[in-house]
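In case you want the letters, here they are:
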Amino acid sequence: MTTTEDPRPIELRRDGFGPAPDAEALREQPGVARVPTPFGPAARLLTRHADVRRMLGDAGTFRNGWTPQDLTDGPRRDPRQLSGDRSGNLLSLDPPDHTRLRRLLTPEFTVRRMRRLEPRIVEIVDDHLDAVARLGPPADLVAHFALPVPSLVICELLGVPPADQDEFQTRTARQLDMTLGEQERTALAAEALAYMQDLVARARCAPGEDLLGMLIREHADAMSDAELVGIANLLLVAGHETTSNMLALGTLALLRHPAQLALVRDDPDAVPGAVEELLRWLSIVNSGSPRLATRDVEIDGSTIRAGELVLFNLPAANRDPAVTDDPDRLDVTRRATNHVAFGHGIHHCLGAPLARAEMRVAFPALLRRFPDLRLATGENGVAWASHKAIFGLEELPVAW
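Residues numbered from 1 in each chain as written. Predicted model: local features only at pLDDT ≥ 70, side-chain atom pairs only at ≥ 80, totals over all residues. Heavy atoms only, no water.

In the nomenclature of an unreviewed UniProt entry, the protein corresponds to Cytochrome P450 from the organism Pseudonocardia parietis.

**Q** Which residues make up the overall build of the protein, and what are the values?
**A** Along the backbone of the protein there are 14 helices and 14 strands. Counting across all 400 residues of the protein, residues that qualify as buried make up 55%. Nonlocal contacts in the protein, meaning residues at least 24 apart in sequence, comprise 71% of its contacts between residues at least 6 apart. Counting every atom, the protein has about 17,100 Å² of accessible surface; 51% of that belongs to carbon and sulfur. (Helix = DSSP H or I, 4+ residues; strand = E, 2+ residues; numbered from the N terminus. Buried < 20%, exposed > 50% of the residue type's maximum accessible area, 1.4 Å probe, protein only. Contact = heavy atoms within 4.5 Å. Areas by Shrake-Rupley, 256 points an atom, 1.4 Å probe, with all protein chains shown as cover.)

**Q** Tell me about the packing of helix α6 (residues 148-158) against helix α10 (residues 225-255), and please be specific about residues and values.
**A** Angle between the axes and distance between the axes are the two parameters that describe a pair of packed helices. Look at α6 against α10: their axes get within 8 Å of each other, and the N-to-C directions meet at 155°. Judged by the angle between their axes, α6 and α10 are roughly antiparallel. The handedness of the crossing between α6 and α10 comes out as right-handed. For the pair α6 and α10, contact is made by P150, S151, I154, C155 and L158 and by A232, L235, L236, G239, H240, T243, S244 and L247, respectively. Grouping the amino acids of the contact of α6 with α10 by side-chain chemistry returns 8 nonpolar, 5 polar and no charged. (Axes fitted to C-alpha atoms, helices over the stretch in contact; angles between N-to-C directions. Parallel < 35°, antiparallel > 145°, perpendicular 65-115°, else oblique. Left-handed = near helix turned anticlockwise from the far one by under 90°. Nonpolar A, V, L, I, M, F, W, Y, C, P; charged D, E, K, R; others polar.)

**Q** Could you give an account of the sheet that holds strand β14 (residues 397-399), naming the residues involved and the relevant values?
**A** Read from one edge of the open sheet, 3 strands run β6-β14-β11, paired in antiparallel fashion. Of all the strands in the sheet, just β6 (139-140) and β11 (374-375) have a single pairing partner and so form its edges. Direction of pairing for β6 relative to β14: antiparallel, over a ladder of 2 bridges. Bridging across to β14, A139 finds its partner in V398. (Pairing = 2+ DSSP bridges.)

**Q** Would you mind going over the nonpolar core in detail, with residue names and values included?
**A** Judged by nonpolar contacts, the single largest core of 89 residues is most densely connected at V125, F145 and L211. With 15 residues, the top contributor of residues to this core is α10. The contacts of F145, once residues within four sequence positions are left out, are V125, H128, L129, V132, P150, A362 and L366. Listed in part, the 15 residues of the second largest apolar core include A293, I299, F312 and L314. (Core = buried A, V, L, I, M, F, W, Y, C linked by side-chain atoms within 4.5 Å.)

**Q** Report on the pattern of salt bridges, specifying residues and quantitative values.
**A** Side-chain pairs of opposite charge can arise whenever the charged atoms involved come near each other. Under the criterion given, the structure shown has 25 salt bridges. Salt-bridge contacts for R34 lead to E308; the nearest nitrogen and oxygen are separated by 3.2 Å. Here the residue R34 occupies a position in strand β3 (residues 33-35), and E308 occupies one in the loop between β9 (302-304) and β10 (309-312), the gap between them amounting to 274 residues. The exposure class assigned to R34 is exposed, which follows from its relative accessible area of 52%. A residue is classified by how much of its surface remains accessible, and E308, at 10% relative accessible area, is buried. For the salt bridge of E277 with R334, the shortest nitrogen-to-oxygen distance reads 3.1 Å. Of this pair, E277 sits in helix α12 (residues 271-282) while R334 sits in the loop between α13 (314-318) and α14 (352-369), and the two are 57 residues apart along the sequence. For E277, a relative accessible area of 4% corresponds to the buried category. (Salt bridge = Lys/Arg side-chain N within 4 Å of Asp/Glu carboxyl O.)

**Q** If you had to explain the sheet that holds β3 to someone new, which residues and values would you point to?
**A** Within a sheet, adjacent strands bond to each other through the backbone by hydrogen bonds, running parallel or antiparallel. The 5 strands are arranged β3-β4-β10-β7-β5 in an open sheet whose pairing can be described as mixed. Looking along the sheet, the strands with just one partner apiece sit at the ends: β3 and β5 (62-63). Running over the sheet, helix α2 (residues 49-56) touches β4 (43-46), β5, β7 (291-293) and β10 and is turned about 130° from β10.

**Q** An account of the pairing of β10 is needed here, citing residue identities and associated values.
**A** Neither face of β10 is open: one carries L309 and L311, the other V310 and F312, and all of them are buried. Where β4 and β10 come together, 3 bridges link them in parallel fashion. Bridge pairing links R44 to V310 in β10. In this sheet, β10 lies alongside β7 in antiparallel orientation, the contact comprising 2 bridges. Bridging from a neighbouring strand, L292 pairs with L309 of β10.

**Q** Tell me about unusual backbone geometry, and please be specific about residues and values.
**A** Omega for the peptide link from P95 to P96 comes to 10°, which places this bond in the cis form. Mapped onto the elements, P96 comes out in the loop between β5 and α3 (97-105). Residues P137 and P138 are joined by a peptide bond in cis, for which omega reads -5°. Relative to the helices and strands, P138 resides in the loop between α4 (111-135) and β6.

**Q** Got a sec to walk through helix α9 (residues 211-219)? Specific residues and values, please.
**A** With 7 of 9 residues buried, α9 lies mostly within the body of the structure. Within α9, the full set of buried residues consists of L211, L212, G213, M214, L215, I216 and H219. Buried residues belonging to α9 abut α3, α6, α8 (182-205) and α10. Here α9 starts with a cap whose side-chain oxygen sits 3.2 Å from the backbone nitrogen of L212, and that cap is D210. (Polar contact = N/O pair within 3.5 Å; in protein donor to acceptor, adjacent residues only side chain to side chain.)

**Q** So, the packing of α4 against α6: which residues are in play, and what are the values?
**A** In contact at an axis separation of 10 Å, α4 and α6 are set at 145° when each is read in the N-to-C sense. α6 is crossed by α4, and the crossing has right-handed handedness. On the side of α4, the interface is formed by L117, R120, I121, I124, V125 and H128, while α6 contributes P148, V149, L152, V153, E156 and L157. Residues belonging to the contact of α4 with α6 are distributed by class as follows: 9 nonpolar, 1 polar and 2 charged.

See below:
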């Protein structure tokens, strides 16, 4: 349960499956609140669905590619400094660099391309369900299913050798642990960067049939090594941690809503809508990179001045009653809404088709393989991973 003593920034706080009460309270108040930040100046915080979509859809007014010198009240440190060189990281770039790189990458993440990958996703899911069955109950669904499945899918997409995958998985999980000291997180980021540089160097020498190989064969002169490294790092981290947390939290949510679980297990036509509702209801990505206002702009009667930082809370926006009736209720039959779980605008998640494909395969496969799936701990025994940048579970012990 979130309290006013919660030390995390307000845009990262949670209360169980939903947003923190203080973020919801701000959503219901007029205007746009100023909130403190751990890196220096106060920032504006957007919590309403319409405001978040407006901001994410206006990359000209709200920039990603700012520096501390652009701020009217400079921070003591750049909150993005642990990411190192942001070359190739689409989440940190503005046009025209963002436009150029996204245009090169988009063909590899179409729904049609994901359908080609789906048989391999099915194999990976089935292999790990077999492993869980062999392990026997109780089994930790995070460690043995939710973490390794998306990790293997994205590693295969990028051509990461199987021998490297366990080390990668451990390192990325630690990088996203907000309880680690800044020095340790910086060291982990340096290790990840060195690995990605080696991966790109190997792909330059012998491009395979994976994503990096395709980019090198078709666009070698259009992309620098630094951009390839940034793309690989973004896709590995984002494609692994987000989907794994969705699989774990989504399973827990369904276990707590048996009628909804039965629909996902027994009705294939209900699965796509269920995935969208779980994305909306869980909103595991709490926020994104702070934006910089490039001009004075009015939102809900508040003037955000040029040079101010703007933060946003996706869980509060996705449960905005102005957009969704009874938004705190999980309903997998709900008509799809314009949720912002994958963001919006030019920075809408490039890997969204891949994440959706993995969830559409994994949820029903898990529930059909173990029709009597249940928590192996009491309802109060769930270990929320609320200290991580991406919301999830530390573990999910299950029995069947």
